[in-house]
Each structure stands twice: as structure tokens, then as C-alpha cells.
Amino acid sequence: MRMRQRHTLLGLVIAGLAGLWTAVAAETATTADLPDRRITAALQYPGITLGPDDTLNVDLLIKNRGRSDETVLIEVIEKPEDWTVEIKRYGTVVSGVFVASREDQTLNLAAAPANKEIKKLPPGTYRFAVKAQTSDGALSQSSAIVVTVVSAEKASERVSIETSYPTLRGPSGDKFQFSLDVRNDTGQDAVFNFRATTPPGWEASFKPAYESKQISSLQIGANSSKTVEMEVTPPYNAQAGEYDFKVEAQSPKARAEAEVKVVLTGTYGLKVGTSSGLLSLVTERGRRSTVTLLVQNSGSAAQREVRFEAFKPENWKVEFTPETIEDLEPGAIKQTEISITPAEEALIGDYSISIQTEGEKANQETEFRVTIRAASAWGWIGVGIIAVVILGLAAAFRILGRR
Amino acid sequence: MWTICRKELADHFGSIRFLILFCLILMVALVSTYMAATHVREALDGAKPSQVFLLLFTTPGKFFSLVQFIALFGPLLGIIMGFDAINRERQHRTLGKLVSQPIYRDAIVNGKFLAGVLTISVALLSMMLLLTGLGLMTVGVVPGIEEIGRLAIYLLVSIAYVSFWLGLAILFSVLFRSLATSALAAVALWIFSAFFVGFLADLAADALRPIRNPRDPEEIVANRRFADASSLASPAVLYSQATSTILDPYRRTRSNLVLTGPMERLSLERFERPLPLDQSILVVWPYLTLLAAMTLVCFGLSYVVFMRQEIRSV
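Residues numbered from 1 in each chain as written. Chains lettered and ligands numbered in written order. Predicted model: local features only at pLDDT ≥ 70, side-chain atom pairs only at ≥ 80, totals over all residues.

### Let's talk about the overall build of chain A
Rules: Where helices and strands are cited, they refer to DSSP runs of H or I of at least four residues and of E of at least two residues respectively, numbered from the N terminus. Three exposure classes are used. Buried residues have 20 or more other C-beta atoms within 10 Å of their own C-beta, exposed residues have 12 or fewer, and partly exposed residues fall in between, all C-beta atoms being placed from the backbone.
Secondary structure assignment for chain A yields three helices and 28 strands. Counting only residues that meet the buried cut, chain A has 22% of its 403 residues in that class.

### Considerations on the overall build of chain B
Rules: Placing a C-beta atom from the backbone of each residue, one calls two residues in contact when those atoms lie within 7 Å.
A tally of helices and strands in chain B yields 13 helices and zero strands. When the elements of chain B are put in sequence order from the N terminus, they spell out α-α-α-α-α-α-α-α-α-α-α-α-α. Across the 314 residues that make up chain B, the buried fraction comes to 38%. At a minimum sequence separation of 6, the contacts of chain B that also span at least 24 residues come to 83%.

### Some details on the environment of Asp11 of chain B
Locating Asp11 of chain B in the fold gives a position in helix 1 (residues 2-14). Remark: the alpha-carbon pair of Asp11 of chain B and Ala115 of chain B, spanning 104 residues in sequence, is separated by 9.6 Å.

### Remarks on the interface of chain A and chain B
Selection rule: For this classification, the nonpolar set comprises Ala, Val, Leu, Ile, Met, Phe, Trp, Tyr, Cys and Pro, the charged set comprises Asp, Glu, Lys and Arg, and every other residue, Gly included, is treated as polar.
Facing the 29 residues of chain A at the interface are 29 residues of chain B. Mapped onto the side of chain A that touches chain B, the elements with two or more residues apiece are strand 27 (349-359), strand 28 (362-373) and helix 3 (377-400) of chain A. A total of 12 residues in the side of chain A that touches chain B trace back to one element, the largest contributor, which is helix 3 of chain A. For the side of chain A that touches chain B, the class distribution of residues is 15 nonpolar, seven polar and seven charged.

### Structural notes on the environment of Thr71 of chain A
Residue and element names in this part refer to chain A. Following the sequence through the fold, Thr71 ends up in strand 4 (residues 70-78). The sequence separation of Thr71 and Val97 amounts to 26 residues, and the corresponding C-alpha distance is 5.8 Å. When sequence neighbours within four positions are dropped, the list of residues in contact with Thr71 reads Gly96, Phe98, Thr134 and Ser135.

### A short note on the packing of helix 8 (residues 145-175) of chain B against helix 11 (residues 235-247) of chain B
All names here are of chain B. Under the convention used in this document: Comment: axis = line fitted to C-alpha atoms, over the contacting stretch for helices; angle = value between 0 and 180 degrees taken between N-to-C directions. Roughly parallel refers to an angle under 35 degrees, roughly antiparallel to one over 145, roughly perpendicular to one between 65 and 115, and oblique to any angle outside these ranges.
Remark: helix 8 packs on helix 11, axes separated minimally by 9 Å, with the N-to-C direction vectors making an angle of 175°. Judged by the inter-axis angle, helix 8 sits roughly antiparallel to helix 11. Taking contact as the criterion, the partners of Arg150, Ile153, Tyr154, Val157, Tyr161 and Phe164 in helix 8 are, on helix 11, Pro235, Tyr239, Ala242, Thr243, Ile246 and Leu247. When grouped by side-chain class, the residues that make up the contact of helix 8 with helix 11 number 10 nonpolar, one polar and one charged.

### Some remarks on helix 11 of chain B
Side chains three or four residues apart in an α-helix point the same way, a direct result of the helix having 3.6 residues per turn. Residues and elements named next belong to chain B. We apply this condition: Between the first and last residue of a helix there are one fewer steps than residues, each counted as 1.5 Å, and that sum is the expected span.
A rise of 1.5 Å per residue sets the reference length of helix 11, with its 13 residues, at 18 Å; its end C-alpha atoms lie 18 Å apart and thus fit the reference within 8%. Most of helix 11 is tucked away, with 11 of its 13 residues classed as buried. Those residues of helix 11 that are buried lie in contact with helix 3 (52-58), helix 4 (66-82), helix 8, helix 9 (179-208), helix 10 (217-231) and helix 13 (277-308).

### Comments concerning unusual backbone geometry
Residue and element names in this part refer to chain A. Of the consecutive residues Thr321 and Pro322, the connecting peptide bond is found in the cis state with omega at -5°. Of note, Lys361 is a non-glycine position whose phi angle comes to about 55°, a positive value. Relative to the helices and strands, Lys361 is located in the loop between strand 27 and strand 28. Assessed through the 15 C-beta atoms surrounding it within 10 Å, Lys361 is described here as partly exposed.

### Some thoughts on the nonpolar core
Under the convention used in this document: A set of buried Ala, Val, Leu, Ile, Met, Phe, Trp, Tyr and Cys residues, joined through C-beta atoms within 7 Å, is what we mean by a nonpolar core.
Within the largest apolar cluster, 96 residues are counted, with the highest numbers of intra-cluster contacts made by Ile120, Leu166, Ala169, Ala186 and Leu291 of chain B. It is helix 8 of chain B that provides the largest number of residues to this core, a total of 15 residues. By size, the runner-up hydrophobic cluster in this structure holds 21 residues, among which are Val159, Val182, Phe245 and Val260 of chain A.

### Brief notes about the sheet that holds strand 13 (residues 176-184) of chain A
Across a sheet, paired strands are connected by hydrogen bonds in the backbone, their directions being either parallel or antiparallel. All names here are of chain A. Put simply, the test is: Any two strands between which DSSP finds at least two bridges are classified as paired.
On the basis of which strands lie adjacent, the open sheet formed by four strands has the order 11-13-17-15 and antiparallel pairing. With one partner strand each, in any of the chains shown, strand 11 (159-163) and strand 15 (203-208) form the two edges of the open sheet. Averaged over all neighbouring strand pairs, the angle between strand axes comes to 30°, with direction disregarded. Where strand 15 meets strand 17 (residues 224-233), six bridges bridge the pair, whose relative direction is antiparallel. Looking at the pairing, Glu203 lines up with Thr233 of strand 17.

### Some details on the packing of helix 7 (residues 105-138) of chain B against helix 8 of chain B
Residue and element names in this part refer to chain B. Cut-off, in case you're wondering: Note on convention: the crossing is left-handed when the near helix lies turned anticlockwise from the far helix by less than a right angle, right-handed when the turn is clockwise.
Taken N-terminus to C-terminus, the directions of helix 7 and helix 8 make an angle of 140°; their axes are 9 Å apart at the nearest point. Between helix 7 and helix 8, the angle falls in the class oblique. In terms of crossing hand, the pair formed by helix 7 and helix 8 is right-handed. Every residue of helix 8 that contacts helix 7 at Lys112, Phe113, Gly116, Val117, Ile120, Ser121, Leu124, Leu125 and Met128 is listed here: Leu151, Leu155, Ser158, Ile159, Val162, Ser163, Leu166, Gly167 and Ile170. Looking at the contact of helix 7 with helix 8 residue by residue, the classes come out as 12 nonpolar, five polar and one charged.

### Things to note about the confidence of the model for chain B
Residue and element names in this part refer to chain B. The criterion, for reference: The predictor attaches a confidence to each residue, and that confidence, scored 0 to 100, is pLDDT.
Mean pLDDT over chain B stands at 83; residues scoring 70 or higher make up 95%. Element-level mean pLDDT values for chain B span from 77 in helix 3 up to 91 in helix 8. Under the prediction, the complex receives an ipTM of 0.74, its pTM being 0.62.

### Considering helix 4 of chain B
All names here are of chain B. Formally: Note that bend, as reported per residue, equals the angle between axes fitted to the 7 residues terminating at that residue and the 7 residues originating from it.
In this model helix 4 runs 23 Å from its N-terminal to its C-terminal C-alpha over 17 residues, within 8% of the 24 Å that 1.5 Å per residue would give. Where helix 4 bends most, the angle comes to about 45°, and this point is Phe73, followed within four residues by the proline Pro75. In terms of burial, helix 4 is largely enclosed, as 12 of its 17 residues are buried. Leu66, Val67, Ile70, Ala71, Gly74, Pro75, Leu77, Gly78, Ile79, Ile80, Met81 and Gly82 are the residues of helix 4 that are buried.

### Considering the confidence of the model for chain A
Residues and elements named next belong to chain A. Residue-level pLDDT values for chain A average 82, and 90% of them are 70 or greater. Per-element confidence in chain A is highest for strand 26 (residues 333-341), whose mean pLDDT is 91, and lowest for helix 1 (residues 2-33), whose mean pLDDT is 53. Confidence over residues 25-29 falls short of pLDDT 50; this stretch has zero contacts with residues more than four positions distant or in other chains.

### Side note on the sheet that holds strand 23 (residues 303-311) of chain A
Residues and elements named next belong to chain A. The five strands lie next to each other as 21-28-27-23-25, forming an open sheet whose pairing is mixed. Two strands close off the open sheet at either side, each with one partner strand: strand 21 (280-284) and strand 25 (324-328). Shown here is a sheet whose adjacent strand axes are inclined to one another by a mean of 25°, direction ignored.

### A few points about the environment of Lys131 of chain A
Residues and elements named next belong to chain A. Among the structural elements, Lys131 can be located in strand 9 (residues 124-134). Taking the C-alpha atoms as reference points, Lys131 and Leu73, 58 residues apart in sequence, are found 8.2 Å from one another. Not counting chain neighbours up to four residues away, the residues in contact with Lys131 comprise Glu75, Ile77, Ser140 and Ser142.

### Considerations on the pairing of strand 17 of chain A
Bridge analysis of strand 13 of chain A against strand 17 of chain A gives nine bridges, and the strand direction is antiparallel. Bridging across to strand 17 of chain A, Phe176 of chain A finds its partner in Val232 of chain A.

Structural data, given as C-alpha cells:
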């Protein structure tokens, strides 16, 4: 057993060493395979589209895949007449770059109209070409880019708002959340301001996805998209119906808009009270007392069944006649009679009885204060006893007195 | 009758006995005010309870509150006033002389009882007024109408209770010729009702409603209820229960032990509010009635016995 384990271990070590050796061999082989001299120079994109407010900045990549180090000179060989082109590295204008063997360098091509007065790029198609060659001129390579500058209207189309659920349904008490994907294809980071046009009384707010803070603007990186949640809250008295919203995302250079819709279904609400407004009653132990409860449908949808439940002390009886209210139309009022019978051994004082009125998607709690008073019947019996005693005393006075 | 009453009052107020009594009252009032005042201040630091003024009378402090003091030693006051009412006259052989005066015979016992009641009233009233005044000074809480009403009823009940013992002492003084016998009889009854009835009630409850399973609330409640009910045979218990309900507006029931379910407790705690005065009175009304009736019956008995006694031969 033990031997076998040792063999396995040994095998593993050998295999590992073999692997290492192969890797090293491959490395030397690639170095050995490299040609004596070889460079590659190319602009990053063959063509780009810009808006009038953009600036033209394109990376120029230079690679040395030869075995010897090279100094590469860059020359602009083609440009529009009234444009100036600069090859820069970290802001410094350069004429070439030294690239060691198997290394890469990145330069930057920046172009602008020669006339500094022109702040916006004139629309049109322009071609730029650069040529890279080694200092001895043995190797050279050229690369070109076609720049299309489009008008402002076309540029704005490169921002888009998309939503997977443009229409939401729900009762008026709810909040509605639209998830909006804002895509920035302008090729530049930008801060977008969000604005929503709502029907009167509605409120709209914007939040980043999965966060609770409210925002009004958001930075979106070039050629990327972000998800923004728009939450709309209907006014408390909103009627059922369809409501249209317009969302706008605007950056200094571009804007986009989208339309979303909310369909409000009916609301559910109940109002419960008594006719006098009093929520207290006075009774005695074991004596049934009744109170009439009025139930109003304060929503905009009908309630098919309203039930009642009581939170009460043990041994108390609370009954409802009728036990349920059926078909309560919006705005209609119906009543039920509550009869409360306190327990025989209830204490003198105030008890709380709470009545739950439960309808469809709406419930209402009503609390009653039930004051238990001491029965006064016993009081009169006591008075009677005292009267009897006093009468007895008076009789004794009469019979025995004045002797 | 009024002449007898006036003479008796003069006797009471003029005697050394009354001077000692007065000193006792003053002392009790001072001590209980001091103790109550310090404790009420502590109690007021936290949540403010309503009807703070009543706390002055019911806060026990270190030793006792005024209410506890009157409940325990009030009967002694009545006994001191009454144990020698009739038989002293007999011993000094003045009863015959008294009866030979142009006064009716019932006027003697009525007058003596009335004078005793008046003295008791003066003593209790002065004690309470002293405490009220001192309390106003030290605590600075002004009593409301409700509290004054409660205190007035408490005073009435206390006078009736002490008068019960006065009536009992007069009854014994009519029944027994010897001063010592009547004093001893009254004191023995007082000690029995104040100290032993509760103990006996516990014994009786354990014998008749034993607690077999100490975890069964039903059995414990039955046992306690029986003990409470049987200890009501003592007027002292009757009195202390009645007055504690009158003076504590949060007491909702006569019994010491109440079984409430969890829902009932929640429901009760929702509006925790002191009872109005009339409800408190109605709660203990049976006790009040019983106390008043007992006092009257006691006096009536001594009246009847005295009227039927042969006194000329003495």
C-alpha cells in the first residue's frame, strides 16, 4: 500500500518536471523561430464615425516581433488639406519611438482642423494615413483610417433607451417600476440627465438598479450601457385608466427618449366606523351590548365579500350579524351589528376589543374601548341591608327607650 | 343625651389618656409623612402616576403607612374609648346616681357612644389633616377633587370601623362587671381578628381546598379564593380590603388574586386608566355595607342589653 503511494508520488514529480521542460523548450523555440527583424504598425480602427463635438483621437499600435531592437519613425503620409495631425505620446509630440525586441508601444494620433476658430468638426469623410519605418528604412508599414463626421442629428441617435416592459398594470395604491437600459454609443463618456414627463399628480423618480438612492443624472461610459429604474407613484385619488409617460435622457451632446405606459386597475379600500363616530361603549359584566358598524367601500373596485374578526379577551363573546357583507359596490355603505358580551368574571375598568374588517386586498382595524361598570343592583341591596339595620335599631329605641 | 355626651367628651378631652393619645397621633403623623414623602419623591422620579396625593397615605416607606397604622391600631383606639364606659360607672357606684338624675336611661348609652364616635372622628380627622398639611409642604402635590373624595370616604369608613370596635367594647363593658375582663375580652378579639384570622383561613383553605398539584392554576386559585373568602370573617380584613380599593384607583376587583388569560391582559393593558370614584365605591360596596351594618348591630346589641339590665340593685 505504502509502496504504491510512493510510486504514484514519484510518477507525479516526473510528469511535472517533464511538463516544465517542455514549456522551456517551447519558449526557446519561439525565440528561435523569430525572424531577424520584424515590426508591425497599425492604427487601432480602420474607420470611425464622430459627431461634430467630438475630437479625433486614435491609438497607433507598434509591435516589434523581430530579434533585434528597432527605432521606428512615424510619418503622416495622408491627411485632408486643412487639418493638422499630430503623433503624440502622453501629450508630447514625437516623431518616432524605440521598440525593444518583443515589445509593444502605443502612440496616439490626434487630428483637428488647422483653423483653431473651428470648434466643431465639419461634416464629411476624411482619410488619414501614417507610415512607420525603421531608422535605416529597411522595414516600413503604413496604415490608414477613414473618419466620417456626421451631423448633430445623426450623432444623437447613438444614445438609446430601451425597456423590456414598456407597459405595467396594477392597482392605484401601488408603485410602478420601469427598468430602463440606457446605451451610450457616442464613443465618449458622458453624464446623462434624466427627466420624465408625467400626467398631473404623478411622481417619478430615478434610481440606479438595485440601489435605493434617488438620482437625477448618471455617468455612462463610452459604448456601454447602464440600467436605471424609474419609479412612478400615482396620486392617491388616481382613477383607473391608462397613463402615458415620456422618459428623456440627455447629455450635452446627445439625447434619447422612450415612452412607457401604466394601466391602473381599480383600488381596494375599506372605511369602517360607527354612525356616531364613538368607538367606546359602556356595559356591565355578562351583559350583552350592541354597536352598529358601518363599512364603506372606499376603493374603486367592488368588494365581493367582507368578513369580520375580533381580537377579544378570553371568555368574551363577540358576534356579528350578518357575519359577512357581500357585494359591496364602490362607495356603498353597509352595516353589521356587533354584539359584545363580556365574561362574567371580567374586571371593572376598560378593555380593548379590536375588530378586523377584512375585504379583498384591503383590511381595516377598528378598536373599541369597552368600559365595564360595576352593577349597581348590589348597591341597592346593600342600602336595603343598612335600612333594615337602622329600622331594627329604631324599633329597639322605641320598645326599650324612655325607661 | 346631649348632656351625657358633653360630659363624656369633657372627660375624654380632659384626661391624661387623651393627652397621650394626642402625642401618639402627632408622632404617627410626623413619622409616616416623613417616610411617605421620601418615598413618594422617589416614585415621582420615574413615570408620573395619577393621583399622587393618595400615595402619601398608602406608601409604606420603611415601617408603615398611615393607612396600615390605622388598620392595625385603630381598633385599639376604639377599645380604649369604650372598654370602661358602663362598668366604670358601676364600679364607682355612680350609675345609680346618674340614673336618678332627670335623664332617660337610653341617653346614657347613646351619649357615651356618641361621645366616643366624636372623639374618634376628631382623632382620625386631625391625623389626616396633619398628614395632608405636612404632605403639601414636603411633596408639594395638590390633591384633586377625586382624591379629596376618596380621602373623605376613607375617613368615613375608618370612623365606622373604629366605631365598630368602640361599640364592641361598650357591649363588653355592659356585659362584664370587671374592667379588666371587658378590656381583655375586647383586646383578645382584636388580636384574634387582626392576626390569627388570616392564618386560620390559610389552614382552612389547605384543609378544604388542598393544592395537590402546585402547577395547576385552577387549584391555586380555588385555594386562594377560599382563604380570602374565609378571612373576610374578620372585620380587620374587611376594612383593609375596602380601604385599599378606595385609596388605590387602579384596583379593579375585591379579590387579591385574579386569573386573567394572556388576551385579557393585553386587552386590559391597552387603556390603563384609574377607575372613577363611583366605580371604586361600587366595587367594594358590599364590604362598606357590611362594615356599617356591623357597627350599627354592635351598638344596637349593647343598647338592648343595657336597657334590659337590672342596674338599681348595684
